[in-house]
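Examining the three-dimensional arrangement
So you can see what is in the structure, the chains are spelled out below.
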Amino acid sequence: MRTKTNDGRFFEDYAVGQVINHAVPRTVKMGERALYHMLYPARHALYSSDQFAQTCGLPFSPLDDMIAFHVVFGKTVPDVSLNAIANLGYAEGRWHLPVWPGDTLRSQSEVIGVKQNSNGKSGVVWVRTTGLNQHDETVMDYVRWVMVRKRDPGADAPEPVVPDLAKVVAPDTLVIPRGLDFTNYDFTLAGEPHRWGDYAVGETIDHVDGVTIEEAEHMMATRLWQNTAKVHFDTSARPDGSRLIYGGHVISMARALSFNGLANAQMIVGLNGGAHANPCVSGDTVRAWSEVLDKAETSAPGVGAIRLRLVATKGGTPFELRGEDGKYLPDVLLDLDYWALMPL
Amino acid sequence: MRTKTNDGRFFEDYAVGQVINHAVPRTVKMGERALYHMLYPARHALYSSDQFAQTCGLPFSPLDDMIAFHVVFGKTVPDVSLNAIANLGYAEGRWHLPVWPGDTLRSQSEVIGVKQNSNGKSGVVWVRTTGLNQHDETVMDYVRWVMVRKRDPGADAPEPVVPDLAKVVAPDTLVIPRGLDFTNYDFTLAGEPHRWGDYAVGETIDHVDGVTIEEAEHMMATRLWQNTAKVHFDTSARPDGSRLIYGGHVISMARALSFNGLANAQMIVGLNGGAHANPCVSGDTVRAWSEVLDKAETSAPGVGAIRLRLVATKGGTPFELRGEDGKYLPDVLLDLDYWALMPL
Amino acid sequence: MRTKTNDGRFFEDYAVGQVINHAVPRTVKMGERALYHMLYPARHALYSSDQFAQTCGLPFSPLDDMIAFHVVFGKTVPDVSLNAIANLGYAEGRWHLPVWPGDTLRSQSEVIGVKQNSNGKSGVVWVRTTGLNQHDETVMDYVRWVMVRKRDPGADAPEPVVPDLAKVVAPDTLVIPRGLDFTNYDFTLAGEPHRWGDYAVGETIDHVDGVTIEEAEHMMATRLWQNTAKVHFDTSARPDGSRLIYGGHVISMARALSFNGLANAQMIVGLNGGAHANPCVSGDTVRAWSEVLDKAETSAPGVGAIRLRLVATKGGTPFELRGEDGKYLPDVLLDLDYWALMPL
C-alpha cells in the first residue's frame, strides 16, 4: 500500500543526460534570514544590515549565501539522495546571483555521470544541480556526487561515465554581484580590520569559538530547507538510534564561526570542493579553522577573492586534518574549499 | 495575592449563549510562515511558493491552513481550556478565507452546550469558536468540546444542553478560496502525479517518514500560537514530570508528513472531527497514515474535495486504529477527519 | 596563530572617555518579532497586533521593547564582556524610540568608569551604551558595569573613576513614544481589566506560570542577538560542562510570564537597575513575581507609568528575595527594576 509515496530513486534509475525538475519551489523572505541568524552565529555584515549592503553597492542586504545553497540542495534530496549511502563530494559550485527577499527558488539536476561500484550493490551518481529564481535565472549551480543503493543487485551495470571536474573554480569565472564595490567598506562596522592584503597564502586561522549541537536546532535547520532525509529526523532510521546531522548544518555552523578571524570574507561565490569527513551528532561541539589556499583579484572595485579551506571539527588539534594513512582524522567533520569576496 | 492573575474559567462559569471575546489579537506575516516550515516538514507547494499559488489563481501564497487554526485556537486557551481535563473533540470546522501575510487574527467563542458529569466534579463544555480578521470577516470556525473541572463540586448542575453536531461538514458547504483554479496545476513542481481521480474511497496510505519529537520544538510551536496551557511548558505541572505536547503540534506534524503520498491535498478547508487519542511526549517518533473517507466535486475549476482520515502514531502497525474493545490502540496519537482540496 | 581573531578587551584596555563603535549593524524586521514570540510567551497586545497598536496611536506594532535591548546589548559583547567574570548591574536605561520593522540598529559604548579590584587580578568597567538606528537617532541607552579580567596582573591600576548613577530613572525623563494615547484602550483585547489605578505601591503579584528551559531555545535566542559569549554555547567553556544561560533570556522569559497579572504593562520605557542573582541552566523552570515599586503620571493621554520589580526564580517561595545575610536567595535568578507604561 505504499504505491503513492516516494521511495526515491535507486542507482539503476539514473542515466546520463537525464534532467530532473525537483519539486516544491520556495519563496524565501526575511523570515528565513532571521531563522538563519538564529540557528547559526552568522554575523557577516553584508548579510546583516541593509545600510552596510548599500555602502557596498547593493540595493539592500541579500539572503546569506548558504541559504541559497541549502534551499537549492534541499529540493534535490527526494530525487537524489533518499537512498544515498554517502554524499561523496562537491565541485564547480558558483553563486550567480544574490537571493533577494521575495525570490522563489526551484532546483533542477542533470545526471552527468554514473559508475557502478565493484560490489555490484551500489554506484556513484554525479549530478549538476542548478538553482533557479522566479525569472528562470540561475542563482547558483554545483556538481555533487553520491553513492546510491541499487534496487536490484542483479541489475546490469550501466556504461561508466565519470565527469571530468575542475579541481578549483577558476577565479576569473567567479560571478561578482552586480554593483558590488568595497571601496567605501567600513571595517569597524564589519568587525575586523583585516583586508585581503593582510591574508597570506598558507596562513591558518583558529576560529576559537565552539557550539555544542542540539537535536532541535539541526532538525529545524534541515526542515527549513525542506530536506526530508529520514536519518536527520527519525531515531529509528539508524542502527545506533542517533540522528545524523545534515552536513549543511555543519557547513553553516563552521562558516558562521569563521567570522572570528574572517569577518571580512563577506560573500561566498565559489565552491571548489567539500567532504563530510565524519558524521556529526547531537552533543558534538563544533569548532572551525581555516587555511588560506589562494588569492585572486577581481574586476569589481575594491573587491578581492580569497580561496579558503574551512575545516570543522568536533575535537582534536587545530590545523590537523589527516592521519599518516592519508585519511581524515576522526574528529574532522568537514573539509570545505571555497572562494569568498573580501575588501582589498 | 493572585487576584490579578487569570485562574481560568471553571465548569460553573459557562452558560449556554455566553460569548467570550478572547484576548490578544495577532498580526501574522511571513515570519510566522517561515517558522511553521521550520517546525514541521511542511511542503505543500501552494503554501511554499508565491508563483505556484499564482498558477492556482491566488494573488500569492497564503499562510498554511493550520496556522489559521492554531492562532485562532491558541487565543481560546486562557478562557476555555486552562482548567480542562481533556480536549474531547472537534466538529463543523470550516476555513472561510485564506490568511494573508499582514492579517490580524482574533477569536471569539460562543458557549453552545454544557453537561455536568455524573461524578459531579467536572462537566463538558461545547464552544463554537470563530476566528476573525482585521476586517471582522470570519477566517475559520469550528466547534470543540472539553471536559472542565468544577471550582466547587457542590455547585448546582446546569440544565444539560448537548448540541446536535454534524458528523461531517457537507461538502457543498465547504468554502473554496476565491479565484482558486487547478486547471493549470503543475504536478511536477507540486511533487507528486496523483490526482483526485487517482484516489479511491477506502484507500489507505502509509506516509512512511517519522520525526522524533523534541521539547524545544513543541514549546516553540505552542508559544507561537500564544497557547499558554501550563502542561506544555512546565515540568512540574504534571505528576510524571513530562511536558504534554500540544495536540495541535501532532496535527501539524502529521499533516506535514502526509505530503509523502498526499502532496496534492493542498488546502484543508473542513474539519469534520478529531480525537487526541493518547498523549504525546518528547522522544516519541511521530508517523502518520491516511485513509480516503470520501470524495466530492466542487464548483471551482479543476478542484476536487477529498475527505481524509489522518492518523498519527508513535509506533504500532500502520492502518491499525482501535483494539477489540473499540478503544484507540495505545500508540495512536491522533485521529483527524478533514476535507482537503486537490486537483482533478 | 590566533592573531586575526578577537581575544576581547581586558581590564587594562579600558580608559574613561574611550568610545567604542561596536560591530555588525543589524536590520530587524517581522521575522525577528515572530522569533521573539516563539521563544518567549510574549503576549502584550501592543507588540502583537498592528490594529491594537493603531488604537493606541501608533502607526503599527513596533518590535518588542526587549528586542531593542537585546540587539543593542548583543553587539557590545565582543568588546565589553568577552573576558567578563560577571555582569554586575544596569542603570539609567531609557527607551527613546520604538524599533520599527526595517530599522537597522548599531551600538556605541563610552567608558564612564574603571576601578581595579583589590586582588589586582580584575577590575570593574562602567560603560554607557547607546543603540542607534539607521538615522543615527538614539533608540535606547543604558549603563552597565562588568567585572573584567586583567591580561597582566602586574599592570598598573588606573586612577579609579566610579560614576555617580541614578538609583531610579526620574519618571519625568521617561520618553513616551510619539502619538501614544491609551484613551481608547481595549482592555478585553489586551487580556486583563486592571488599570494603572488598580495597582498599589507595595502590591505583589505571583505570575503563576512556569517554563522549563531548553538548551536549543536559549542558544537560538542568544544567537539572534549576535551575542557571542562562549559560555552560552560551548559545553567545554565552563568547568561543570553546563552552558550558562544569557541573562537576557531570563529577563525576556520573566517579562513574558508577567503578562499574567500585568497584561497592561504594555511598554518598558525605563531600566532602573538589575541583577542576575544566580546562574540559570537548562532544566531550570523559570517563574516570576512582581512588586509595584512606584507609580507616576505622564504627559501622554491616558498613559501612566508604573515602576515594577520583576523577580525571576527557579524555585523557592514567591516574594522571598534575600536571606538574612542580605544576599539573594539561591533560587532567585533575576531582580529587575523597570518602568512600564500602562493605561490609566
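Given the structure is predicted, the values throughout are model-derived calculations rather than measurements. (Residues numbered from 1 in each chain as written. Chains lettered and ligands numbered in written order. Predicted model: local features only at pLDDT ≥ 70, side-chain atom pairs only at ≥ 80, totals over all residues. Heavy atoms only, no water.)

Remarks on the domain arrangement of chain A
Residues and elements named next belong to chain A. We count it as follows: The domain limits used here are those given by an automatic or database domain assignment. Here a residue-residue contact requires only that any non-hydrogen atoms of the pair lie within 4.5 Å. Note: buried area is the sum, over both parts, of the accessible area (probe 1.4 Å) each one loses when the two are combined.
For chain A, the assigned domains read domain 1 (1–28 + 63–152) and domain 2 (188–344). Contacts between the two partners involve 23 residues from domain 1 and, on the opposite side, 21 residues from domain 2. Buried area between domain 1 and domain 2, summed over both chains or domains, comes out near 1900 Å², and the portion from carbon and sulfur atoms is 58%. Ranking the residues of domain 1 by area buried against domain 2 places His 70, Tyr 90 and Trp 95 at the top, with a combined share of 33%.

As for the interface of chain B and chain A
Interfaces are often sized by the accessible area lost when the parts come together. Rule in force here: What makes a salt bridge here is a side-chain nitrogen of Lys or Arg within 4 Å of a carboxyl oxygen of Asp or Glu, nothing more. N or O atoms within 3.5 Å of each other form a polar contact, as long as, within protein, one can give a hydrogen and the other can take it, and as long as residues adjacent in sequence are counted only when both atoms are side-chain atoms. Think of it this way: any DSSP run of H or I at least four residues long counts as a helix, any run of E at least two long counts as a strand, and we number them from the N terminus. Gly counts as polar in this scheme, as do all residues outside two lists: the nonpolar Ala, Val, Leu, Ile, Met, Phe, Trp, Tyr, Cys and Pro, and the charged Asp, Glu, Lys and Arg.
Listed by partner, the interface residues are 47 residues for chain B and 37 residues for chain A. For the pair chain B and chain A, the summed buried area comes to about 3300 Å², and 58% of that belongs to carbon and sulfur atoms. Three residues stand out in chain B for area buried against chain A, namely Met 38, Arg 43 and Leu 189 of chain B, and they jointly supply 20% of the buried area on that side. Along the contact surface separating chain B from chain A lie six salt bridges. Linking Lys 29 of chain A and Asp 50 of chain B is a salt bridge whose minimum nitrogen-to-oxygen distance equals 3.8 Å. Taken together, the links from chain B to chain A amount to 23 residue pairs in polar contact (both at pLDDT 80 or more). Contributing elements (two or more residues each) for the side of chain B that touches chain A: helix 1 (30–39), helix 2 (50–55), helix 4 (187–190), strand 7 (204–206), strand 8 (211–212), helix 5 (215–224), helix 7 (259–262) and strand 10 (285–297) of chain B. Among the elements that line the side of chain B that touches chain A, the one with the most residues is helix 1 of chain B, at eight residues. Its residues assigned to classes, the side of chain B that touches chain A comprises 21 nonpolar, 15 polar and 11 charged.

Thoughts on the relation of the copies chain B and chain C
What counts here: Here the copies are superposed with least squares, the fitted atoms being C-alpha atoms of residues at a pLDDT of at least 70 in both.
Note on the identical chains: chain B maps onto chain C by a rotation of 120° and an axial translation of 0.0 Å, with an RMSD of 0.0 Å. Seen this way, the second copy is the image of the first under a three-fold rotation axis. Among all C-alpha atoms of chain B, that of Gly 31 of chain B lies closest to the rotation axis, at 2.4 Å. A share of only 16% of interface residues in chain B that are also interface residues in chain C marks the association as one of differing surfaces.

A few points about unusual backbone geometry
For clarity, the cut-off: Using a 1.4 Å probe on the protein chains alone, a residue whose accessible area is under 20% of its type maximum counts as buried, one over 50% counts as exposed, and one in between counts as partly exposed.
Unlike most non-glycine residues, Asp 136 of chain A shows phi in positive territory, near 60°. Mapped onto the elements of the fold, Asp 136 of chain A is located in the loop between strand 5 (122–132) and strand 6 (138–149). In this structure, Val 24 of chain B is a non-glycine residue whose phi angle is positive, near 65°. Here Val 24 of chain B lies in the loop between strand 1 (19–21) and strand 2 (26–27). A relative accessible area of 2% means that Val 24 of chain B is categorised as buried.

Structural notes on the relation of the copies chain B and chain A
Expressed as a screw operation, the relation of chain B to chain A combines 0.0 Å of axial shift with a rotation of 120°, fitting to an RMSD of 0.0 Å. Of the residues that chain B buries at the interface, just 13% are likewise interface residues in chain A, meaning the two copies contact each other through different surfaces.

Some details on the pairing of strand 5 of chain A
As a general feature of sheets, a regular strand has side chains that alternate between the two faces. Residues and elements named next belong to chain A. To keep it simple, the criterion reads: The pairing criterion for strands is at least two bridges between them, as found by DSSP.
Within strand 5, 10 of the 11 residues are buried, which leaves the element mostly enclosed by the surrounding structure. Pairing between strand 4 (residues 104–116) and strand 5: 10 bridges, direction antiparallel. Following the sheet pairing, Val 114 is matched in strand 5 by Val 125. The antiparallel pairing of strand 4 with strand 5 creates a hairpin that spans five residues between the two strands, and Gly 120 there sits at a positive phi of about 75°. Across 11 bridges, strand 5 lies against strand 6 in antiparallel orientation. Within strand 6, the residue paired with Val 127 across the bridge is Arg 144. Count of turn residues in the strand 5/strand 6 antiparallel hairpin: five residues, of which Asp 136 carries a positive phi of about 60°.

Remarks on helix 5 of chain B
Residue and element names in this part refer to chain B. The element helix 5 is extensively covered by neighbouring structure, given that 10 of its 10 residues are classed as buried. For helix 5, the full list of buried residues reads Glu 215, Ala 216, Glu 217, His 218, Met 219, Met 220, Ala 221, Thr 222, Arg 223 and Leu 224. Directly beyond the C-terminal end of helix 5, a positive phi value near 55° is found at Gln 226.

Here we look at the nonpolar core
What counts is decided by this rule: Side-chain atoms within 4.5 Å are what join buried Ala, Val, Leu, Ile, Met, Phe, Trp, Tyr and Cys residues into a set we call a nonpolar core.
Ranked by internal contacts, the top residues of the largest apolar core, which has 192 residues, are Met 38 and Phe 69 of chain A, Met 38 and Phe 69 of chain B together with Met 38, Leu 39 and Phe 69 of chain C. Excluding its chain neighbours within four sequence positions, the residues that come into contact with Phe 69 of chain A are Tyr 90, Trp 95, Met 140, Tyr 142, Tyr 246 and Leu 271 of chain A.

A look at the interface of chain B and chain C
On the chain C side, the residues contacting the 37 residues of chain B number 47 residues. Together chain B and chain C conceal approximately 3300 Å² of surface at their shared face, both sides included; 58% is due to carbon and sulfur atoms. The interface formed by chain B and chain C holds six salt bridges in total. Measuring nitrogen to oxygen at the nearest pair gives 2.5 Å for the salt bridge that ties Lys 4 of chain B to Glu 203 of chain C. Our enumeration of links across chain B and chain C arrives at 23 residue pairs in polar contact (both at pLDDT 80 or more). Looking at which element gives the most residues to the side of chain B that touches chain C, the answer is helix 5 of chain B, with six residues. Among the residues making up the side of chain B that touches chain C, the classes are represented as 13 nonpolar, 13 polar and 11 charged.

Considerations on the pattern of salt bridges
Summed over all chains, the structure comprises 51 salt bridges over all chains. For Arg 223 of chain A, the salt bridge goes to Glu 217 of chain B, with nearest N and O atoms at 3.1 Å. With Arg 223 of chain A in helix 5 (residues 215–224) and Glu 217 of chain B in helix 5, the pair connects residues from two separate chains. Here Arg 223 of chain A and Glu 217 of chain B have matching classes, each one buried. Residues participating in the shared-partner salt-bridge network are Glu 214 of chain A together with Glu 215 and Arg 243 of chain C.

Focus on the packing of aromatic side chains
Filter applied, for reference: Centres within 6.5 Å are what make two rings of Phe, Tyr or Trp a pair, Trp counting through its six-membered ring; a difference in plane orientation under 30 degrees is then read as stacked, over 60 as edge-to-face, and the rest as tilted. Consider the ring centre and the ring normal. A charge sits over the ring if Lys NZ or Arg CZ is within 6 Å of that centre and within 35 degrees of that normal.
Per the counting criterion, the structure on display carries 36 aromatic pairs over all chains. Each member of the aromatic cluster is reached from another via a ring pair, and the members are Phe 69, Phe 73, Tyr 90, Tyr 142 and Tyr 246 of chain A. It is Lys 4 of chain A that lies over the ring of Tyr 199 of chain B; its NZ or CZ is 4.4 Å from the centre.

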